[in-house]
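Report on the structure
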Amino acid sequence: MAKFFGNNKDRTNTKENNLETRYKSSIGNLLVVVIFSVINIVLLLMGTDTYFLFSAFIPYFIVDYGRVMCGMYPEEFYSDLPMEEFLDSSFLIVMVSIAAVIIIAYLVCWIFAKKKKVAALFVSLVLFVADTLLMLYMVGFSADIIIDIIFHIWVIVYLITAISTYYKIKNTPDAECAEMLVESEDEDGNPVESNSSILRMAEEVKSRVFIDTETCGMHIIVRRVKHTNELVINGCVYDEYEGVVEYAHTLTADLCGHRIEAVFDGATSIKLFVDSQEVAKKIRLI
C-alpha cells in the first residue's frame, strides 16, 4: 500500500514537471521574438539588408517607414514615389521610439508570463495576432513572406499552448496535495483513509487573508474570498464556509495525522488550532 501511494506522488511530480517544461518552452518563443526584433531593427538602422526570422513585423515596418520618409534609401528607391521633400531625422527617432515601446511590451509580457501571470499571455497573444493580421494586410499573401507567415502561426500556436498549459498546471495538485491519503490501520490491521478530501486547488484571487502560517510541515492559510471563508493547506482548499454574514463556525481538516481547526467566533476572533494547540490568532476590528 505504501508503495502505491509513493508511486502516485511520483506520477504527480512527473506530470507537474512535464507541464512546467512545456510552459517554459512555450513562453520561450516570446523571448525569441523580442531578441530577433531588436536585432533586425538594429541591422535596419545600420543600413544592411540582413533580416532574421522570428521577429515581430510591425516594429520593423514602423522603423522602415521612418527611414523611407527621412530619405535614407538610395535615389532609385524613390523613383516611383511622389515625394518632393523628406522629413527631418526627428521623425525617424519617433518611429524608433514607437517600435521600442511595442518590443518592450512583448518583453514585459514575457517577464510576467514567467511569473505565471496568465493575463500577460493573453496580452501577448492579442499583440501577436494583431501583428500577423497587419502584416497580411500591408504586405499581402505572397510566396515572399510564406516563411514569415509560418513563423507567426508558430508563435501564436505556442502562446495558445502556454495558456492551455498554465490552466493545467493551475489545476494539478502539487506534491503535498497529491499525497491525499496517509496510510494508517484500524484495530483489525486494515488500511484506512485518514486525510480529509480536497475540495479544489486554491486560486490566486483577490482575498482577505486572516492567518498565514507554517507549522508541522504544512502551509496553512485562512482567508475570505468574496463571501466564502476558506481553509487552505499546502495550496489546496480543504474546508469552506459561505455566507454574507459570518456567524460562528469552524473549518476543519485532517492531514498527515494532524487535526487542523480554524475557529471563527462570529465576532472579532479567528483562532487556528493544530491538534488542539493554538498556533495562530487574528483579531479583526471589522
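The model shown is predicted, which means the values in this text are computed figures rather than measured ones. (Residues numbered from 1 in each chain as written. Predicted model: local features only at pLDDT ≥ 70, side-chain atom pairs only at ≥ 80, totals over all residues. Heavy atoms only, no water.)

1. Focus: the overall build of the protein
On a plain count of helices and strands, the protein comes out with six helices and eleven strands. Relative to its 286 residues, the protein shows a buried fraction of 36%. In the protein, the proportion of contacts linking residues at least 24 apart, taken out of those at least 6 apart, comes to 46%. Within the structure as shown, the protein displays about 16,600 Å² of accessible surface, and the carbon and sulfur contribution to it stands at 60%. (Helix = DSSP H or I, 4+ residues; strand = E, 2+ residues; numbered from the N terminus. Buried < 20%, exposed > 50% of the residue type's maximum accessible area, 1.4 Å probe, protein only. Contact = heavy atoms within 4.5 Å. Areas by Shrake-Rupley, 256 points an atom, 1.4 Å probe, with all protein chains shown as cover.)

2. Some remarks on the pairing of strand 5 (residues 218-225)
In terms of residue burial, strand 5 counts as a mostly covered element, since seven of its eight residues are buried. In this structure, strand 4 (residues 208-215) lies alongside strand 5, joined through seven bridges in antiparallel fashion. In the strand pairing of strand 5, Val 209 is matched with Arg 223. In textbook terms, the turn of a hairpin is the stretch between consecutive antiparallel strands, and for strand 4 and strand 5 this stretch comprises two residues, one of which, Cys 216, has a positive phi near 55 degrees. Strand direction decides the pairing type here: strand 5 and strand 6 (residues 228-233), joined by six bridges, are antiparallel. In the strand pairing of strand 6, Ile 220 is matched with Ile 233. Where strand 5 folds back onto strand 6 in an antiparallel hairpin, the turn is made up of two residues, including Lys 226, whose phi is positive at roughly 55 degrees. (Pairing = 2+ DSSP bridges.)

3. Section: the packing of aromatic side chains
The way to describe two aromatic rings as a pair is by their centre distance and the angle between their planes. All told, the structure shown has eleven aromatic pairs when counted by the stated rule. Centre to centre, the rings of Tyr 51 and Tyr 60 are 4.9 Å apart; their planes meet at 75 degrees, and the pair counts as edge-to-face. Judged by its relative accessible area of 31%, Tyr 51 falls in the partly exposed class. Ring centres of Phe 210 and Phe 264 lie 6.0 Å apart, and the angle between their planes is 75 degrees; this geometry places the pair in the edge-to-face category. (Phe/Tyr/Trp six-rings, centres within 6.5 Å; stacked < 30°, edge-to-face > 60°.)

4. Let's talk about the packing of helix 2 (residues 57-69) against helix 3 (residues 89-114)
It is the contact of helix 2 with helix 3, at a shortest axis distance of 8 Å, that shows an interaxial angle of 180 degrees. In terms of orientation, helix 2 lies roughly antiparallel with respect to helix 3. Within the contact between the two elements, helix 2 uses Ile 58, Pro 59, Ile 62, Val 63, Tyr 65, Gly 66, Arg 67 and Met 69 and helix 3 uses Phe 91, Leu 92, Met 95, Val 96, Ile 98, Ala 99, Ile 102 and Ile 103. (Axes fitted to C-alpha atoms, helices over the stretch in contact; angles between N-to-C directions. Parallel < 35°, antiparallel > 145°, perpendicular 65-115°, else oblique.)

5. Quick look at the confidence of the model for the protein
In the predicted model, the protein carries a mean pLDDT of 83, and the fraction of residues at 70 or more is 85%. Looking at the elements of the protein, mean pLDDT is at its lowest for strand 1 (residues 183-185), recorded as 44, and at its highest for helix 3, recorded as 94. Across residues 1-12, where pLDDT falls below 50, the model places eleven contacts with residues more than four positions away in sequence or in other chains. Counting interchain partners and residues more than four positions distant, the pLDDT-below-50 stretch residues 178-186 has 25 contacts. (pLDDT = per-residue confidence, 0-100.)

6. As for the packing of helix 2 against helix 4 (residues 118-139)
At their nearest, the axes of helix 2 and helix 4 sit 9 Å apart, and the two run at 45 degrees to each other. Classed by the angle they form, the pair helix 2 and helix 4 counts as oblique. Side by side, helix 2 and helix 4 meet where Phe 57, Ile 58, Pro 59 and Phe 61 of the first sit next to Asp 131, Leu 134, Met 135, Met 138 and Val 139 of the second. Of the residues assigned to the contact of helix 2 with helix 4, the class counts are eight nonpolar, no polar and one charged. (Nonpolar A, V, L, I, M, F, W, Y, C, P; charged D, E, K, R; others polar.)

7. A short note on unusual backbone geometry
Peptide bonds are trans in most cases, and residues, glycine excluded, mostly fall at negative phi. In the Ramachandran plot, Lys 226 falls in the positive-phi region, its phi being about 55 degrees despite a non-glycine side chain. Relative to the helices and strands, Lys 226 resides in the loop between strand 5 and strand 6. Judged by its relative accessible area of 74%, Lys 226 falls in the exposed class.

8. Some words on the layout of surface pockets
Space inside the second largest pocket adds up to approximately 150 Å³. If you trace the second largest pocket, you find it lined by Leu 44, Gly 47, Thr 48, Asp 49, Tyr 51, Tyr 60, Asp 64, Arg 67 and Tyr 73. It is helix 2 that provides the largest number of residues to the lining of the second largest pocket, a total of three residues. (1 Å grid on protein atoms, 1.4 Å probe; cavity = no way out; pocket = protein on both sides within 12 Å on 5 of 7 lines; lining within 4 Å. Points joined across faces, edges and corners; volume = space filled by probe spheres on them.)

9. Things to note about the sheet that holds strand 4
The strands making up a sheet are joined through hydrogen bonds of the backbone, oriented either antiparallel or parallel. As summarised here, the arrangement of the five strands in space is 3-7-6-5-4, forming an open sheet in which the pairing is antiparallel. Looking at the sheet topology across the chains shown, the edges are occupied by strand 3 (200-201) and strand 4.

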